Every structure is written in C-alpha cells, then in structure tokens.
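Report on the structure
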Amino acid sequence: MRILITAGPTREYLDDVRYISNASSGRMGYALAQAALDAGHEVILVSGPVSLEPPPGATVCRVETTEQMRAACLKWFPQCDGVIAAAAVCDYKPRERIAGKISKTGGPISIEMIETDDVLAELGNSKGRRWVVGFALEAANPRENALQKLRAKNCDLVVLNGPEAIGSEENCVELIDSSGHPLARWEGSKRSIARRLIEWIDGHFTPQVNSGR
Ligand code: CTP
C-alpha cells in the first residue's frame, strides 16, 4: 500500500521570528514510517520540524505550519490507500502574523488566537474508500474522548495515548474503533508499537487506491 503518515509538531508564527508549538519529537510518526517501509509499503511522510533523520526510502515532505501540513496532505492523500495521523498539530494560531518583530511595550500584551484547520478531519471527510487512522492525546476521560474524535474526524481507528507520550522514547496505547471498546493495549518503545500497529493495519485494511501491495 501507499501510506500517508504525518509526524512531529507544527508551528504557528506570531511574527517573523517567534512561534508557538509543542514538544512533539516526531518519534512515533518516524517509527511508523520505518515500520511501514520494513513491511513493504510505500510511505509519504509529511513532517513538522524535528531533529530526526527520515527513514531512507520514504518520500519526505517537510512542513512548518498547520496550513502547510494541510496542503501537503490534501495533495498526497488522493494517491494513498490510507493515512496515519501521528502529528501533534497546533490547535491554535495567532489571528494575524505580524510582519517583522513585535517590540516590547513595557507591559503585558494579548494575542488573539484562532483555531487552525483540522487536517485529519478534512482527510476523514474526503476519504472515500481509503482508511484513516488518527491519534488521540487524552488527559481525562480517555476512551470517551477518543471515540468522540473517531466520530468527529471520520476515522476507522484511533490510537489513544496520554500526555507522557510527548517527547518520550516509550508509549502506552490503546486501539479504539467505532465500538468505543479497546481492541488492544500495547506498551513499550515507540518502535515496537509502530511495528504492531503496521501489522494490525495489514491485517485489517486493504489497498484501496494502489492495487498490489
Ligand atoms: N489533528 C489534525 N489537525 C489538527 C488537530 C489535530 O490533523 N488541527 C489530528 C492529530 O494529528 C491526531 C488527531 O487529530 O491524529 C487528534 O489530535 P489531538 O491533539 O488528540 O486532538 P485535537 O483534535 O487537537 O483536540 P483536543 O486538543 O481538544 O483534544
């Protein structure tokens, strides 16, 4: 299959030198890219800024902002069989990006933030026969919230994890489908979880766009 994978954080700029972002390392998405390649798949890796080397063999599309991630995903998704959205996308961006550099005022300042586009929801809503796997990072009511995200973003599967996953080498995940019940629970290195998730995908989803593998 040809699999689209999103990874890493996005950045949203306040001015030309400052941005807000998050501490995502990109490890989960990059491990998934490696595991998918190892299993014989083709990988399109849409990656926010991270310090990792992409796995050789992946087609890499480097992006910075959520808007750039959205554009890259919308371009590639129609040619893919499915998507795994492991990116930690910034949910908010400043209403406007100031040209140059915001100067100090001597007092507090406020910055109005608006929601970014939901990349995964857009892919889910245009998926046709393609399969869609999202991640859900939950601190409270994890299963309930994961199921809500699965529905809202039209996913076939959600990989539920917690805030401790951000920036870590390890992870602990549950797979949630539309029943809302956990199908599996895996704990260990992100590489081992990535291998198991790709195996799971191979066993449950079939090629939809690219025949053959
Ligand atoms: N996601 C996305 N675009 C966004 C926000 C999230 O594509 N603007 C994707 C993530 O890559 C992930 C899934 O949606 O696969 C869920 O992300 P998560 O951060 O858990 O949830 P949010 O939808 O951002 O909601 P909240 O922060 O309120 O929990």
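For the structure, see preceding data.
Here the residue index of a chain counts from 1 through its sequence in written order. Note on the predicted model: pLDDT of at least 70 is required for a residue's local features to be given, and 80 or more for side-chain atom pairs to be given and counted; whole-chain, interface and lining totals, by contrast, use all residues. The basis for every side-chain value is the complete set of non-hydrogen atoms in the structure, without hydrogens or water.

With that out of the way, let us pick up the side chain of Ser 25. Note that Ser 25 resides in the loop between strand E3 (19-20) and helix H1 (27-38). The rule is simple: take the accessible area with a 1.4 Å probe, protein chains only, and divide by the maximum for that residue type; under 20% is buried, over 50% is exposed, in between is partly exposed. Residue classification places Ser 25 among the buried positions, given a relative accessible area of 16%. There is a polar contact of 3.1 Å between the side chain of Ser 25 and the backbone nitrogen of Arg 27. In DSSP terms, a helix is any run of H or I states spanning at least four residues, a strand is any run of E spanning at least two, and both are numbered starting from the N terminus. Throughout this description, a polar contact denotes any pair of N or O atoms lying within 3.5 Å of each other; where both atoms belong to protein, one of them has to be capable of donating a hydrogen while the other can accept it, and for residues adjacent in sequence the pair is counted only when both atoms sit in side chains.

Okay, the nonpolar core next. What makes a nonpolar core is a set of buried Ala, Val, Leu, Ile, Met, Phe, Trp, Tyr and Cys residues whose side-chain atoms join them at distances within 4.5 Å. With 33 residues, the main nonpolar core has Ile 5, Leu 32, Ile 84, Leu 197 and Ile 201 as its most contacted residues. Listing elements by their share of this core, those giving two or more residues are strand E1 (2-7), H1, strand E4 (42-47), strand E9 (131-137), strand E10 (157-161), strand E11 (170-176), strand E12 (182-189) and helix H5 (190-204). At 8 residues, the largest contribution of residues to this core is made by H1. Contacts: residue pairs with any heavy atoms within 4.5 Å of one another. Excluding anything up to four places from it in sequence, Ile 201 contacts Met 1, Ile 84, Trp 131 and Val 133. Leu 4, Ala 72, Phe 77 and Leu 123 belong to the second largest nonpolar core, which has 25 residues in total.

This part takes up the environment of Pro 207. Residue placement: Pro 207 occurs in the segment after H5. Pro 207 sits 56 residues away from Arg 151 along the chain, and the two C-alpha atoms are 22 Å apart.

A few words on H1. Take the number of residues in a helix, subtract one, and multiply by 1.5 Å to get its expected span. Between its first and last C-alpha atoms H1 spans 16 Å; for 12 residues at 1.5 Å apiece the expected length is 16 Å, and the two agree. Of all 12 residues that make up H1, 9 are buried, and the element is covered over most of its length. Along H1, the positions that sit buried rather than exposed are Met 28, Gly 29, Tyr 30, Ala 31, Leu 32, Ala 33, Ala 35, Ala 36 and Leu 37. Where H1 is buried, its residues meet E1, E4, strand E6 (82-85), E9, E11 and H5. Positive backbone phi, at 95°, marks Gly 40, one or two positions downstream of H1.

A cluster of nonpolar side chains, Tyr 92, Ile 109, Ile 111 and Met 113, forms an exposed patch at the surface whose accessible area comes to about 350 Å². Mapped onto the elements, Met 113 comes out in strand E8 (residues 113-115). Patches were defined on residues exceeding 30% relative accessible area and lacking a salt bridge, with like-charge contacts within 9 Å and nonpolar side-chain contacts (Val, Leu, Ile, Met, Phe, Trp, Tyr) within 5 Å. Computed with the Shrake-Rupley method and a 1.4 Å probe, the accessible areas treat only the protein chains shown as cover for residues. What counts as a salt bridge is simple: a side-chain nitrogen of Lys or Arg found within 4 Å of a carboxyl oxygen of Asp or Glu.

Residues are counted as near a molecule or strand when any one of their heavy atoms sits within 4 Å of it. In the neighbourhood of the ligand, 15 residues make up the surrounding shell, with Ala 85, Ala 87, Leu 120, Lys 149 and Lys 153 lying closest. Here an oxygen atom of the ligand sits 2.8 Å away from a polar atom, N or O, in the side chain of Lys 149. Summarising the interface, the protein chains cover 76% of the accessible area of the ligand, which totals 570 Å² for the free molecule. For each structure, a 1 Å grid was placed over the protein atoms alone; sets of points admitting a 1.4 Å probe that cannot get out are labelled cavities, open sets with protein on both sides within 12 Å along at least five of seven lines are labelled pockets, and lining residues have an atom within 4 Å of a point. Assignment to a cavity or pocket requires that more than half of a molecule's atoms be within 2 Å of the site's grid points. According to the grid-proximity analysis, the pocket containing the ligand is the largest pocket. Only helix H3 (119-125) and E9 provide two or more residues apiece to the shell around the ligand. For the shell around the ligand, the element with the highest residue contribution is E9, accounting for 4 residues.

Counted as a void, the largest pocket has a volume near 840 Å³. Mapped onto the lining of the largest pocket, the elements with two or more residues apiece are E1, H1, H3 and E9. Along the lines of polarity and charge, the residues of the lining of the largest pocket split into 18 nonpolar, 12 polar and 9 charged. Grid points are joined across faces, edges and corners, and a volume is the space filled by probe spheres set on the points. Taken as a whole, the second largest pocket holds about 210 Å³ of empty space. Around the second largest pocket, the lining residues are Arg 27, Tyr 30, Ala 31, Gln 34, Leu 52, Glu 53, Pro 55, Glu 169, Ser 189, Lys 190 and Arg 191. In the lining of the second largest pocket, the residues fall into 4 nonpolar, 2 polar and 5 charged. In this classification, Asp, Glu, Lys and Arg are treated as charged, Ala, Val, Leu, Ile, Met, Phe, Trp, Tyr, Cys and Pro as nonpolar, and every other residue, Gly included, as polar.

In this section: the sheet that holds E12. The pairing criterion is simple: DSSP has to find at least two bridges between the two strands. Strand order in the open sheet made by the 8 strands is E5-E4-E1-E6-E9-E10-E11-E12, with mixed pairing throughout. Of all the strands in the sheet, the pair left with one neighbour each is strand E5 (59-62) and E12. The mean angle between the axes of side-by-side strands here comes to 20°, regardless of whether they run parallel or antiparallel. Alignment of E4 against E5, held across 4 bridges, turns out to be parallel. The residue of E5 that forms the bridge with Ile 44 is Thr 59. On top of the sheet, H1 reaches E1, E4, E6, E9 and E11; it is set at about 165° to E1, its chief contact. Axis definition: a line fitted to C-alpha atoms, over the contacting stretch in the case of helices. Angles run 0 to 180 degrees between N-to-C directions.

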